[in-house]
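The residues making up each chain are set out below.
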Amino acid sequence: MAGSSLGGDPAALRVLATLLRSRPQTLPELRGLRGLPTSDLDGVLERLVRSGFIELSGDRILYHAPDRAVEAQAAALAELVTLLPDLTREWQRGGNTAVVIDAELVHGHEQQWRPGPGTPP
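1. Here's the deal with the overall build of the protein
And step 1. Along the protein, the regular secondary structure elements total 4 helices and 2 strands.
And step 2. Reading the secondary structure of the protein in the N-to-C direction produces α-α-α-β-β-α.
And step 3. By the burial criterion, 20% of the 121 residues in the protein qualify as buried.
And step 4. In the protein, 42% of the contacts between residues at least 6 apart in sequence involve partners at least 24 apart.

2. Points about helix α4 (residues 66–95)
And step 1. An ideal rise of 1.5 Å per residue puts 44 Å on 30 residues; α4 measures up with 40 Å between its terminal C-alpha atoms.
And step 2. If you look at α4, its biggest bend is around 45°, right at L84, and the proline P85 turns up within four residues after that.

3. A look at helix α3 (residues 41–50)
And step 1. Among all positions of α3, only L41, G43, V44, L45 and L48 are buried.
And step 2. In this fold, the buried residues of α3 make contact with α1 (10–22), α2 (27–31) and β1 (54–57).
And step 3. Positive backbone phi, at 85°, marks G52, one or two positions downstream of α3.

4. Here's the deal with the side chain of T18
And step 1. Tracing the backbone shows T18 in helix α1.
And step 2. What makes T18 buried here is its relative accessible area of 12%.

5. Comments concerning the nonpolar core
And step 1. Within the largest apolar cluster, 16 residues are counted, with the highest numbers of intra-cluster contacts made by V15, L19, L30, L45, L48, F53 and I54.
And step 2. Elements supplying a minimum of two residues to this core: α1, α2 and α3.

6. A few points about the pairing of β1
Working note: regular strand, side chains alternate between the two faces of the sheet.
And step 1. Pairing geometry for β1 and strand β2 (residues 60–63), over 4 bridges, is antiparallel. In the strand pairing of β2, I54 is matched with Y63.
And step 2. Hairpin geometry of β1 and β2 is characterised by an intervening segment of 2 residues between the two adjacent antiparallel strands and by a positive phi of about 65° at G58.

7. Focus: a nonpolar patch on the surface
And step 1. Taken together, the side chains of L77, L80, V81, L83, L84 and L87 present a nonpolar region at the surface, about 550 Å² in accessible area.
And step 2. The topology assignment puts L77 in helix α4.

8. Quick word on the packing of α1 against α3
And step 1. Relative orientation of the contacting elements α1 and α3 amounts to 75°, with a least axis distance of 10 Å. When the axes of α1 and α3 are compared, the pair comes out roughly perpendicular. When α1 is examined against α3, the residues A11, A12, V15, L16 and L19 are found in contact with a partner set consisting of L41, V44, L45 and L48.
And step 2. Partitioned by chemical class, the residues of the contact of α1 with α3 number 9 nonpolar, no polar and no charged.

9. Here's the deal with unusual backbone geometry
And step 1. The backbone of R23 sits at a positive phi, close to 45°, despite the residue not being glycine.
And step 2. Mapped onto the elements of the fold, R23 is located in the loop between α1 and α2.

10. Section: the environment of G35
And step 1. Relative to the helices and strands, G35 resides in the loop between α2 and α3.
And step 2. Looking at G35, the relative accessible area reads 47%, which means it is partly exposed.
And step 3. For G35 and T18, which are 17 residues apart along the polypeptide, the C-alpha to C-alpha distance reads 9.2 Å.

What counts, and where the lines are drawn
Residues numbered from 1 in each chain as written. Predicted model: local features only at pLDDT ≥ 70, side-chain atom pairs only at ≥ 80, totals over all residues. Heavy atoms only, no water. Helix = DSSP H or I, 4+ residues; strand = E, 2+ residues; numbered from the N terminus. Buried < 20%, exposed > 50% of the residue type's maximum accessible area, 1.4 Å probe, protein only. Contact = heavy atoms within 4.5 Å. Expected span 1.5 Å × (residues − 1). Bend = angle between axes of the 7 residues up to and from the residue. Core = buried A, V, L, I, M, F, W, Y, C linked by side-chain atoms within 4.5 Å. Pairing = 2+ DSSP bridges. Patch = residues over 30% accessible without salt bridge, like charges linked within 9 Å, V, L, I, M, F, W, Y side chains within 5 Å. Areas by Shrake-Rupley, 256 points an atom, 1.4 Å probe, with all protein chains shown as cover. Salt bridge = Lys/Arg side-chain N within 4 Å of Asp/Glu carboxyl O. Axes fitted to C-alpha atoms, helices over the stretch in contact; angles between N-to-C directions. Parallel < 35°, antiparallel > 145°, perpendicular 65-115°, else oblique. Nonpolar A, V, L, I, M, F, W, Y, C, P; charged D, E, K, R; others polar.

Shown next, in the form of structure tokens:
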């Protein structure tokens, strides 16, 4: 399972560097730039949006400072790390092969054991 980190995505890093340097305002302006990988440009832009470096509004491109985007990713990771103990516990429960039964506990002197379905009275 891969995250939205761009560290292992040379095409995205190349497009991001070009965007930050030249800052085209629209997608047509971006597509007009030379030297960009065009085979999966839409996919690269989508990854940059998910990573928080840019926003797309129609054909307009809005930019976020790299430190803001990285800070948001770090905050999201920190929040996820706080959930790790609960997620790990659920993971371990999922691997448990113990049999789970559905039971009703009847408690108190007013309650009588009720026969289950198919049990003779």
